[in-house]
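Commentary on secondary and tertiary structure
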Amino acid sequence: DAMVIQNPRYQVTQFGKPVTLSCSQTLNHNVMYWYQQKSSQAPKLLFHYYDKDFNNEADTPDNFQSRRPNTSFCFLDIRSPGLGDAAMYLCATSSSQGAIFNGYTFGSGTRLTVV
Amino acid sequence: AQKVTQAQTEISVVEKEDVTLDCVYETRDTTYYLFWYKQPPSGELVFLIRRNSFDEQNEISGRYSWNFQKSTSSFNFTITASQVVDSAVYFCALIGNNAGNMLTFGGGTRLMVKP
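Residues numbered from 1 in each chain as written. Chains lettered and ligands numbered in written order. Predicted model: local features only at pLDDT ≥ 70, side-chain atom pairs only at ≥ 80, totals over all residues. Heavy atoms only, no water.

**Describing the overall build of chain A**
This is how the line gets drawn: Here a helix means four or more residues in a row that DSSP labels H or I, a strand means two or more in a row labelled E, and each is numbered from the N terminus. Here the globule rule reads 2.2 Å times residues to the power 0.38, and the radius of gyration is calculated from C-alpha atoms. A simple rule labels every residue: compare its accessible area, found with a 1.4 Å probe on the protein chains alone, to the largest value its type can have, and call it buried under 20%, exposed over 50%, or partly exposed in between. By definition in these notes, contact holds between two residues if any of their heavy atoms fall within 4.5 Å. What sets the accessible areas is the Shrake-Rupley method with a 1.4 Å probe; for residues, cover comes only from the shown protein chains. By the counting scheme adopted, Arg and Lys are positive, Glu and Asp are negative, and His together with the chain ends is not counted. The location of each charge is read from NZ of Lys, CZ of Arg, CG of Asp or CD of Glu.
Helix and strand counts for chain A come out as zero helices and 11 strands. When the elements of chain A are put in sequence order from the N terminus, they spell out β-β-β-β-β-β-β-β-β-β-β. Since a compact globule built from 115 residues should have a radius of gyration of about 13 Å, the 14 Å found for chain A is in line with a globular shape. Residue burial in chain A is summarised as follows: out of 115 residues, 49% are buried. For chain A, contacts bridging at least 24 residues in sequence account for 55% of all contacts bridging at least 6. Summing over all exposed atoms, chain A offers an accessible surface of approximately 5600 Å²; the carbon and sulfur share of this is 49%. Distance between charge centres in chain A, computed from 9 positive and 8 negative side chains, equals 7 Å.

In structure tokens:
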């Protein structure tokens, strides 16, 4: 089945040690998103790629970076994780063809713990 | 600007009771999409329904039903004969046609179904 896959499902990293979360998709969707979701809160958009164009949300910390080497893969890099970065990170994709919106597909998420 | 409000932060019911989760939205777009997602304790976001702004028909899917009323900007979700497996956080979300496919989430409603 076409889907959005996030690896790993659980990630433990040390305070200050760079960490990379990965997302891959088999849907051939042109838009990919990264959301951060802290406990008891709604998901918050960090950034998204529209094709190769990177779009950063104004309040996303510089500590968070992203790469999209091709249509299928997107990575979230946290350069120096702090305790406050512990959260669920959700990847999503969507397909946009002019005014036609085909909906979002979410991955299962990566739960990041910072120790 | 888009906004989604889920006034109920937490609801507790006993199994087999019916329960309605409220969702009120704001958008200036004339074309928009409304969604409901379920997030069980495992963390993934499970898509439940998508409704576009031109389709005000109510929908029923098994024990789930949705009531979309443009006049009151509401998109409420009812679970009939609730079960313990329905325990989760439920998010209502909105995308406006001019919002660049950016999904706006409500704050979520935590539903606890007790046996």
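Now that the structure has been shown, we can carry on.
**Description of the pattern of salt bridges**
Rules: Salt bridges are defined by distance alone: a side-chain nitrogen of Lys or Arg within 4 Å of a carboxyl oxygen of Asp or Glu.
Scanning the model with the defined rule gives six salt bridges over all chains in all. We note a salt bridge from Glu44 of chain B to Arg9 of chain A, for which the minimum N-O separation is 3.6 Å. Of the two residues, Glu44 of chain B sits in the loop between strand S5 (32-39) and strand S6 (46-52) while Arg9 of chain A sits in the loop between strand S1 (4-7) and strand S2 (10-13), which places them in two different chains. A relative accessible area of 22% means that Glu44 of chain B is categorised as partly exposed.

**Here we look at the sheet that holds strand S7 (residues 64-67) of chain A**
Residue and element names in this part refer to chain A. Heads up, the rule is: Whether two strands pair depends on DSSP finding at least two bridges between them. For helices, the fitted axis covers only the stretch in contact; all axes are lines through C-alpha atoms, and the angles between them, taken along N-to-C directions, range from 0 to 180 degrees.
If you walk across this open sheet you meet the four strands as S1-S3-S8-S7, and the pairing is antiparallel. Strand pairing shows two members of the sheet lacking a second neighbour, S1 and S7, which therefore form its edges. Taken over all neighbouring pairs, the strand axes of this sheet differ in orientation by 20° on average, direction set aside. Of the pairings in the sheet, the one linking S1 to strand S3 (residues 19-25) comprises four bridges and is antiparallel in character. From the neighbouring strand, Val4 faces S3, where its bridge partner is Gln25.

**What about the interface of chain B and chain A?**
Quick reminder of the rule: Note on terms: buried area is the combined drop in 1.4 Å-probe accessible area of two parts once they are placed together, counting the loss on both. Within 3.5 Å is the distance limit for a polar contact, defined as a pair of N or O atoms, with the added protein rule that one can donate a hydrogen and the other accept it, and that residues adjacent in sequence qualify only through two side-chain atoms. When residues are sorted by character, Ala, Val, Leu, Ile, Met, Phe, Trp, Tyr, Cys and Pro go into the nonpolar class, Asp, Glu, Lys and Arg into the charged class, and all the rest, Gly among them, into the polar class.
The interface is formed by 20 residues belonging to chain B together with 22 residues belonging to chain A. Interface area, chain B with chain A, both sides summed: about 1600 Å², of which 55% is carbon and sulfur. Our enumeration of links across chain B and chain A arrives at one salt bridge. At the boundary of chain B and chain A, one finds three residue pairs in polar contact (both at pLDDT 80 or more). Looking at the side of chain B that touches chain A, the elements that each hand over two or more residues are S5 and strand S10 (88-96) of chain B. Sort the elements by how many residues they give to the side of chain B that touches chain A and S5 of chain B lands first, with four residues. In terms of residue class, the side of chain B that touches chain A is built from 10 nonpolar, seven polar and three charged.

**Considerations on the nonpolar core**
All names here are of chain B. To keep things clear, this is the line we draw: The definition of a nonpolar core used throughout is a set of buried Ala, Val, Leu, Ile, Met, Phe, Trp, Tyr and Cys residues joined through side-chain atoms within 4.5 Å.
Counting residues in each nonpolar core, the largest one holds 24 residues, and the members touching the most others are Trp36, Trp66, Phe77, Tyr90 and Leu111. Those elements giving two or more residues to this core turn out to be strand S2 (10-14), strand S3 (19-21), S5, S6, strand S8 (64-69), strand S9 (74-79), S10 and strand S12 (109-114). Ranked by residue count, the leading element in this core is S10, at four residues. When residues no more than four places from it in sequence are discounted, the contact partners of Phe77 are Val19, Thr20, Leu21, Trp36, Leu48, Tyr64, Ser65, Trp66 and Tyr90. Within the second largest apolar cluster, 20 residues are counted, among which are Phe35, Tyr37, Ile95 and Phe105.

**Some words on the environment of Asn76 of chain B**
Residues and elements named next belong to chain B. Relative to the assigned elements, Asn76 resides in strand S9. Each C-alpha atom of the pair Asn76 and Thr20 lies 6.8 Å from the other, and the pair is 56 residues apart in sequence. In this structure Asn76 touches Thr20, Leu21, Asp22, Cys23, Trp36, Ser65, Trp66 and Asn67, once residues within four positions along its chain are discounted. A polar contact is formed between the side chain of Asn76 and the backbone nitrogen of Cys23, at a distance of 2.9 Å.

**Remarks on unusual backbone geometry**
The residue after Asn7 of chain A, namely Pro8 of chain A, is reached through a cis peptide bond having omega -10°. Secondary-structure assignment places Pro8 of chain A in the loop between S1 and S2. We note that Lys16 of chain B has phi near 85°; this positive angle belongs to a residue other than glycine. Classification of Lys16 of chain B by relative accessible area gives exposed; the value is 70%.

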